[in-house]
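One-letter residues, chain by chain:
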Amino acid sequence: MRWLILLVALLAAHTVEAQEPASGRDLYRGACAACHGTDGTGLPQAALGFDVAVPDFTDCSFATPEADADWLAVVHDGGPARAFDRRMPAFGEALKEDEILRVLDYIHEFCGDGRWPRGELNLPRALVTEKAFPENETVLTTTVALDGAGAVANELLYERRLGARTQFEVIVPFVSHDTGGQWRSGLGDVGAAVKRVLVHSRQRGSIFSVTGEVVFPTGKESEGLGSGVAVFEPFLAFGQILPADAFLQVQAGAELPRRGAKEAFWRAALGRTIVSGRFGRSWSPIVELLAAREMESGARVEWDAVPQMQVSLSKRQHVLISAGVRVPVTGRSARGAQLMTYVLWDWFDGGIRDGWR
Ligand code: HEC
């Protein structure tokens, strides 16, 4: 009889377990809280005896920009999967993938402030089309003319988040061009912008923001380095996650110089991210379509296409490069093809020399 009761009890316990999988909270308390704390703030380094600090999951500015894919890599394979400390253990054998994802959902509750857009909505940066997500990064873009007179432009972009939904940026271009055998180089027209996220939803996979940019006439117009006039550039940007790791980004706005021809533009970038191996390097082939039209009757729309490839360089995925060619589709005689590349450093995720191995 005793045996029977024991057997029934065991079976009952087993079925309960099978029916009700452990919640993210229970899994977190069992596997993570010893270091990360029940409240998610992380135990003090001194208490753990670690020479590395445990992150604070209640800090929204840290926790929300991280995409689950990166955290999954860290929890599954341990800190070194993303060049973090090996004191962050690997749970790939103790926990199933859906259990890890449940723990990550639970970790995201520690922030508890829905104004912060989630990192999944931070889509790969296209060469020209601006993204909707507010960033902490530095990007150096180089554009080289492939046809006609020689011209090279280097543009340094610095972006910084201000709270949940706002981002500030500064753009400093250095331009060089060949004026019939003689090269002229110098500072171009410096820009500054403020971006504000209007709507975002991880569930729908979309994010929508508005930006106001001002470009100042800092480049010498007489040397062909600047336009000689201040330009106001307001635009909207939209990002959408698509099935099968694909994404679409759209930007539409206007260039409104203080004098001279105003221009409307719209741009779209369609791409897909492919990860090599389980948690390895990410490759994002993207194709952009760019349209611009002067705001006067009879003006024609000018179209350019930009096929390109973005690839992550560092193990932490915080240093990436991209390269592509901007080819005019209409008005080929007036505009030539350009080679475009950038190096991007997401400085919030670590120093440019950290996170490689
Ligand atoms: C033995 C202590 C310990 C345990 C247990 C532990 N962690 Fe960690 N975790 C760390 C340390 C230390 C870091 C910081 C590593 C660094 O910054 O190099 C970390 C970092 C992280 C990060 C941040 C990675 C980033 O992008 O900065 C995540 C996410 C994380 N842990 C999740 C978990 C989850 C989920 C569990 C439980 C399944 C867990 N950890 C269990 C010690 C631990």
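These numbers come from a predicted model, not from an experiment. (Residues numbered from 1 in each chain as written. Predicted model: local features only at pLDDT ≥ 70, side-chain atom pairs only at ≥ 80, totals over all residues. Heavy atoms only, no water.)

## Let's talk about the coordination of the iron atom of the ligand
Perfect tetrahedral coordination of a metal by four donors corresponds to 109.5 degrees between them, and perfect octahedral coordination by six donors corresponds to 90 or 180 degrees. Rules: For Na, K and Ca the donor cutoff is 3.2 Å, while for all other metals N, O and S atoms count as donors only within 2.8 Å; water does not appear among the atoms, so some sites may look incomplete. Note on exposure labels: buried denotes an accessible area under 20% of the residue type's maximum, exposed denotes more than 50%, and partly exposed covers the range between, all computed with a 1.4 Å probe on protein chains only.
Protein-derived coordination of the iron atom of the ligand comes from His 36 (NE2) and Met 88 (SD), at a distance range of 2.0 to 2.1 Å. Classification of His 36 by relative accessible area gives buried; the value is 12%.

## Things to note about the domain arrangement of the chain
The test is simple: These domain boundaries are the output of an automatic or database domain assignment. Whether two residues are in contact is decided by their heavy atoms: any pair within 4.5 Å suffices. When two parts are put together, the accessible area they lose, computed with a 1.4 Å probe and summed over both, is reported as buried area. Throughout this description, the term salt bridge denotes a Lys or Arg side-chain nitrogen within 4 Å of a carboxyl oxygen of Asp or Glu. Identification of polar contacts relies on pairs of N or O atoms within 3.5 Å, with a donor-acceptor requirement for protein atoms, meaning one able to donate a hydrogen and the other able to accept it, and with residues adjacent in sequence counted only if both atoms are side-chain atoms. Where helices and strands are cited, they refer to DSSP runs of H or I of at least four residues and of E of at least two residues respectively, numbered from the N terminus.
With domains assigned, the chain is organised as domain 1 (2-109) and domain 2 (119-349). Taking the mean C-alpha position of each, domain 1 and domain 2 sit 38 Å from one another. Every contact between the two is made by 19 residues of domain 1 and, on the other side, 11 residues of domain 2. Together, the buried faces of domain 1 and domain 2 total about 1,300 Å²; carbon and sulfur atoms form 46% of this surface. It is Pro 65, Arg 82 and Ala 83 in domain 1 that bury the most area against domain 2; as a group they hold 33% of the surface buried on that side. Taken together, the links from domain 1 to domain 2 amount to two salt bridges. Residue Asp 68 is joined to Arg 202 by a salt bridge in which the shortest nitrogen-to-oxygen separation is 3.6 Å. Taken together, the links from domain 1 to domain 2 amount to seven residue pairs in polar contact (both at pLDDT 80 or more). A per-element tally of the side of domain 1 that touches domain 2 places helix α6 (residues 68-77) first, with six residues.

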